[in-house]
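Structure assessment
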Amino acid sequence: MLTVDGLVHSRCTRPVAIGDGHGDYMTLNCSSRDASQCPHCAALYKDDWFQLILSGLVHDIEAPKPASGYRPLLTDVYDFFFLTLTAPSFGRTHHVPKKGRPPVHCGCGQVHTADDHQFRGLPLDADSYDYLGQVRFNFDLGDLWNSTRTGLVQKLPEMAFLKVVELQARGAGHLHIVIRLPKHYRVSPAEILRIAQAQHAWGELSDCLIGWGKQGDCQKIGNDPKDAARQAGYLIKLAGYSTKSLTTKLIREGLDFRPYRDHVARLHATAHQVVCPSCVLVAGEYRCGSRKHNAWGLGQQPLSMSRPRTNPDLGYIPGWSLPSWTRTSLKNRRQEYAAARAGGAEPAYKPTSLQTRQLLAEANRLWRLGEDFNQDNLIAMRQNYPLKPDF
């Protein structure tokens with residue numbers, strides 16, 4: 001049983017039934033990370049990332065918690081850094097202080113306090129604000145991160161990272177990255193920030209060279225286990241946001257404020273006017289199953305992490321998860337547990353992992369287009385099939 005927002009969700013709300021064309025079927029969870037679509041699968045997604053985050057931060061993730069309640073951070077072997085990379089400016093916005101900060105003078109001529117949160121991220125002049133440039137930047141954010149990751153690994157080859165994608169109040173994507181480095185590197189936070197901000201990439205939709213904004217930051221995570229717990233808690237909070245549409249939180253915060261509704265409407269309209277590589281021309285109209293158009297151009301997975309790799313000079317380099325866990329391996333452990341509870345019975349038809357990934361991706365894409373999915377002998381049907389024990 002999984003509990004989300006006080007409700008118990010022990011089953012996927014939109015399972016996918018697939019068959020081999022000969023009468024044998026197997027029912028799979030939809031694997032959505034959006035809690036508004038499927039609370040069950042979204043809770044699994046969040047809980048999996050809770051474990052994956054901690055598996056790269058602490059000693060022996062599977063050991064019982066110590067009496068203090070805080071697992072010791074791996075600071076005897078590694079240094080940890082919290083890096084934030086922001087989007088460039090697309091026009092002046094209201095300056096609103098965060099909670100606990102003093103009032104500030106804004107470019108609108110007023111003095112804003114933290115209570116004026118409805119103004120945060122709003123353009124001072126919506127007509128001159130570069131909505132198209134911001135949406136295109138969001139679409140191209142993945143290419144910029146790939147270039148940044150390559151630049152960091154070239155300078156810090158033993159680096160492992162955990163990345164979280166978040167939307168700023170203005171609707172531009174920015175990244176939070178936890179970097180783990182062996183202690184012998186002796187690199188400063190300022191040097192890491194300099195390396196990251198020096199990276200650029202050619203934006204396919206922006207049709208120009210894109211780079212990071214000037215408001216980036218990098219801080220070293222301290223040795224105090226409570227400090228580690230706070231950082232992990234912040235990341236897990238972001239993991240909670242990832243179980244919602246990336247735009248949901250921002251929209252809800254400003255729904256009662258007309259200027260913010262207008263800002264959201266412009267972002268939404270611009271994102272749907274952009275023709276991305278996934279768009280298909282049908283009867284003179286572009287149609288697309290990509291979720292990027294509904295997320296103001298941002299289509300990256302909210303959370304990702306580095307994987308193990310081999311360096312010609314350094315040999316094996318572990319990924320972020322020191323036990324080499326992945327979401328697939330955690331899912332396999334749940335399936336093994338469920339099979340044991342069910343007496344070890346195997347389904348009559350069990351597709352390969354590749355077939356499963358391809359099927360769910362295609363089914364979700366077509367669901368967003370409002371179409372049914374039927375391809376060869378693999379059949380996806382939106383029906384409420386009863387599931388076997390939780391997995």
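An account of the accompanying structure is given in this report. Along each chain, residues carry numbers from 1 onward, in the same order as the chain's sequence is written. Totals for whole chains, interfaces and linings use every residue, but because this is a predicted model, local features are given only for residues with pLDDT of at least 70 and side-chain atom pairs only at 80 or more, for both listing and counting. Only heavy atoms go into the side-chain values, all of them from the structure, while hydrogens and water stay out.

The axes used here are C-alpha line fits, helices contributing only the stretch in contact, and every angle between their N-to-C directions lies in the interval 0 to 180 degrees. Helix and strand definitions here come from DSSP, where helices need a minimum of 4 consecutive H or I residues and strands a minimum of 2 consecutive E residues; each element is numbered from the N-terminal end. Direction vectors running N to C along helix α2 (residues 131-155) and helix α6 (residues 258-273) enclose 60°, while the axes themselves pass 9 Å from each other. What the angle tells us is that α2 and α6 run oblique. For the pair α2 and α6, the crossing hand works out as right-handed. Each of Tyr 131, Leu 132, Gln 134, Val 135 and Phe 139 in α2 lies in contact with α6, whose residues at this interface are His 263, Arg 266, Leu 267, Thr 270 and Ala 271. Split into classes, the residues belonging to the contact of α2 with α6 amount to six nonpolar, three polar and one charged. Note on terminology: angles under 35 degrees are roughly parallel, angles over 145 are roughly antiparallel, angles of 65 to 115 are roughly perpendicular, and the others are oblique. In this scheme the handedness of a crossing depends on how the near helix is turned from the far one: anticlockwise by less than a right angle means left-handed, clockwise means right-handed. Contact between two residues is taken to exist if any of their heavy atoms lie within 4.5 Å; hydrogens are not considered. In this classification, the charged set is Asp, Glu, Lys and Arg, the nonpolar set is Ala, Val, Leu, Ile, Met, Phe, Trp, Tyr, Cys and Pro, and all remaining amino acids, among them Gly, are polar.

Attention now goes to the side chain of Asn 311. With respect to the secondary-structure elements, Asn 311 resides in strand β16 (residues 309-311). Whether a residue is buried, partly exposed or exposed follows from its accessible area with a 1.4 Å probe, protein chains only, as a fraction of its type maximum: under 20%, in between, or over 50%, in that order. Judged by relative accessible area, which is 19%, Asn 311 ranks as buried. Within the structure, Asn 311 has its side chain in polar contact with the backbone nitrogen of Asp 313 (distance 2.8 Å). Once residues within four sequence positions are removed from consideration, Asn 311 is found in contact with Pro 157 and Ile 317. N or O atoms within 3.5 Å of each other form a polar contact, as long as, within protein, one can give a hydrogen and the other can take it, and as long as residues adjacent in sequence are counted only when both atoms are side-chain atoms.

Once that is clear, we can look at a nonpolar patch on the surface. Residues form patches when they are more than 30% accessible in relative terms and have no salt bridge. Like charges link within 9 Å. Nonpolar side chains (Val, Leu, Ile, Met, Phe, Trp, Tyr) link within 5 Å. The method behind every accessible area is Shrake-Rupley, applied with a 1.4 Å probe, and residues are considered shielded solely by the protein chains displayed. Salt-bridge detection follows one rule: a side-chain nitrogen of Lys or Arg within 4 Å of a carboxyl oxygen of Asp or Glu. A cluster of nonpolar side chains, contributed by Val 275, Leu 281 and Tyr 286, occupies part of the molecular surface with about 290 Å² of accessible area. With respect to the secondary-structure elements, Val 275 resides in the loop between α6 and β13 (280-282). What makes Val 275 partly exposed here is its relative accessible area of 37%.

Let us look at the pairing of strand β9 (residues 173-182). Within β9, ten of the ten residues are buried, leaving the element largely enclosed by the surrounding structure. Side-chain alternation along β9 places Gly 173, Leu 175, Ile 177, Ile 179 and Leu 181 on one buried face and His 174, His 176, Val 178, Arg 180 and Pro 182 on a second face that is also buried. We treat two strands as partners when DSSP finds at least two bridges between them. Across eight bridges, strand β5 (residues 78-85) lies against β9 in antiparallel orientation. By the bridge assignment for β9, Leu 83 is matched with Ile 177. Bridging between strand β8 (residues 160-167) and β9 involves eight bridges; their strand directions are antiparallel. Following the sheet pairing, Leu 167 is matched in β9 by Gly 173. Where β8 folds back onto β9 in an antiparallel hairpin, the turn is made up of five residues, including Gly 171, whose phi is positive at roughly 100°.

What follows concerns the packing of aromatic side chains. Pairs were defined over the aromatic rings of Phe, Tyr and Trp, the Trp ring being its six-membered one, requiring ring centres within 6.5 Å. Orientation was assigned from the angle between planes: stacked under 30 degrees, edge-to-face over 60, tilted for the rest. Overall, the coordinates contain five aromatic pairs when judged by the stated rule. Ring centres of Phe 80 and Trp 320 lie 6.4 Å apart, and the angle between their planes is 80°; on these two criteria the pair is classed as edge-to-face. Of this pair, Phe 80 sits in strand β5 while Trp 320 sits in the loop between β17 (315-317) and α7 (327-341), and the two are 240 residues apart along the sequence. Each of the two residues, Phe 80 as well as Trp 320, counts as buried. Among the aromatic residues, those joined into a ring-pair cluster are Phe 90, Phe 137 and Trp 212. Only when the NZ atom of a Lys or the CZ atom of an Arg is both within 6 Å of the ring centre and within 35 degrees of the ring normal do we say a charge sits over the ring. The ring of Tyr 78 has Arg 180 lying over it, and the distance from NZ or CZ to the ring centre is 5.0 Å. Sitting above the plane of the Trp 320 ring, Arg 180 keeps its charged end 5.2 Å from the centroid.

What follows deals with unusual backbone geometry. Phi is positive for Arg 186, close to 50°, though the residue is something other than glycine. Topologically, Arg 186 is positioned in the loop between β9 and α3 (189-197). In this structure, Ser 324 is a non-glycine residue whose phi angle is positive, near 65°. With respect to the secondary-structure elements, Ser 324 resides in the loop between β17 and α7.

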